[in-house]
Amino acid sequence: MAPLEPISSLERRQAEMLMKAKSTVLESGDWVTAPEIASLAQLSGRNLSSQPSEWILDKRIFAITHNGTDYFPMYGLDEACGYGPLSQLKDVMKVLESSKDSWQMAYWFMSDNSWLASKRPQDLLRFDPGSVLEAALEEVSEISHG
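Going along each chain's sequence as written, the residues are numbered from 1 onward. Totals for whole chains, interfaces and linings use all residues, but because this is a predicted model, local features are given only for residues with pLDDT of at least 70 and pairs of side-chain atoms are given and counted only at 80 or more. Neither water nor hydrogens contribute to the side-chain values; these are computed over all heavy atoms in the structure.

A. Representation of the overall build of the chain. By the criteria applied, helices consist of DSSP H or I runs no shorter than four residues and strands consist of E runs no shorter than two, each listed in order from the N terminus. Along the chain, the regular secondary structure elements total 7 helices and 5 strands. Each principal axis of the C-alpha distribution contributes one length, and for the chain these read about 55 × 40 × 25 Å. The burial tally for the chain puts 34% of its 146 residues in the buried class. Summarising the internal contacts of the chain: among those between residues at least 6 apart in sequence, 59% fall at separations of at least 24. The Shrake-Rupley method, run with a 1.4 Å probe sphere, supplies the accessible areas, and residue values consider only the shown protein chains as cover. By element, 52% of the accessible surface of the chain is carried by carbon and sulfur atoms, the whole surface being about 9300 Å². Relative accessibility under 20% of the residue-type maximum defines a buried residue, over 50% an exposed one, and the middle range a partly exposed one, all with a 1.4 Å probe and only protein chains included. Contacts are residue-level and defined by heavy atoms, with any inter-residue pair within 4.5 Å sufficient.

Okay, structure coming up:
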């Protein structure tokens with residue numbers, strides 16, 4: 001059995017930064033579980049996760065997974081429509097999914113964005129979805145061009 005190579009200081013810093021970023025996302029209060037969505041929407045039934053799972057499969061919402069539990073963004077839910085996915089989210093996700101996984105989308109939505117006058121996409125999604133979509137297109141464009 002070959003000895004394990006020590007972790008470089010760069011790898012250690014990257015791991016620490018990733019852990020801190022994930023903690024920041026989870027501690028933001030912007031995330032709910034499927035049972036919490038069911039409670040908000042006053043749904044009942046045996047499998048309260050089935051509807052949010054279908055939304056993920058239909059690419060109408062995304063979820064981050066932590067310790068085996070899916071967490072859904074509150075800013076992606078529409079209270080006026082029974083806490084279903086906000087319709088504007090789908091188009092933005094479609095753009096971002098080419099270069100970002102769900103955690104990276106979470107970071108993008110919660111970060112100040114220069115294309116949005118240093119506002120967070122999650123704060124504008126409901127009220128100015130066109131600008132958020134443009135910012136997502138710029139994000140993907142920057143990645144593909146260099």
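So, next bit.
B. Main features of the nonpolar core. Among the nonpolar cores identified, the biggest contains 35 residues, and Phe-62 and Phe-109 are the most heavily contacted of them. Residue assignment for this core shows that the elements contributing at least two residues are β1 (31–32), α2 (34–40), α4 (87–96), α5 (102–110) and α7 (129–145). Among the elements that take part in this core, α5 stands out by supplying 7 residues, more than any other. The definition of a nonpolar core used throughout is a set of buried Ala, Val, Leu, Ile, Met, Phe, Trp, Tyr and Cys residues joined through side-chain atoms within 4.5 Å.

C. Just the environment of Glu-79, in detail. By secondary structure assignment, the location of Glu-79 is in the loop between β4 (77–78) and β5 (84–85). Considered as a pair, Glu-79 and Gln-14 are 65 residues apart in the sequence and their alpha carbons are 37 Å apart.

D. Broad picture of the pairing of strand β3 (residues 69–73). Two elements, β1 and β3, share 2 bridges in a ladder whose sense is antiparallel. Across the sheet, Val-32 pairs through a bridge with Phe-72, a residue of β3. The pairing criterion for strands is at least two bridges between them, as found by DSSP. Bridge count between strand β2 (residues 64–66) and β3: 3 bridges; the pairing is antiparallel. Bridge pairing in β3 places His-66 opposite Thr-69. The hairpin turn running from β2 into β3, its antiparallel successor, is 2 residues long, and Asn-67 in that turn takes a positive phi close to 50°.

E. Main features of helix α1 (residues 9–27). Any helix carries an expected span of 1.5 Å times its number of residues minus one. Compared with an ideal rise of 1.5 Å per residue, which puts 19 residues at 27 Å, α1 spans 27 Å between its outermost C-alpha atoms and is within 8% of the ideal. A positive phi of about 80° marks Gly-29, the residue just after α1.

F. Spatial organisation of the packing of aromatic side chains. In this scheme Phe, Tyr and Trp rings, the latter by its six-membered ring, pair at centre separations within 6.5 Å, and the angle between planes marks the pair as stacked below 30 degrees, edge-to-face above 60, and tilted otherwise. Applying the stated rule across the entire model yields 6 aromatic pairs. Taking the centre distance of 5.9 Å and the plane angle of 70° together, the rings of Trp-31 and Phe-62 count as edge-to-face. Residue Trp-31 is found in strand β1, and its partner Phe-62 is found in the loop between α3 (50–57) and β2; the two are separated by 31 residues along the sequence. In terms of burial, Trp-31 and Phe-62 fall into one category: buried.

G. Quick peek at the pattern of salt bridges. The salt bridge criterion pairs a side-chain nitrogen of Lys or Arg with a carboxyl oxygen of Asp or Glu, the two atoms within 4 Å. Counted by the stated rule, this structure contains 4 salt bridges. Put simply, Lys-100 and Glu-139 hold a salt bridge, and the shortest N to O gap is 2.9 Å. Of this pair, Lys-100 sits in the loop between α4 and α5 while Glu-139 sits in helix α7, and the two are 39 residues apart along the sequence. According to the relative accessible area criterion, Lys-100 is buried, its value standing at 14%. With its nearest N and O atoms 2.8 Å apart, the salt bridge here joins Arg-120 to Asp-123. Its relative accessible area of 24% is what places Arg-120 among the partly exposed residues. We classify Asp-123 as partly exposed; its relative accessible area is 39%.

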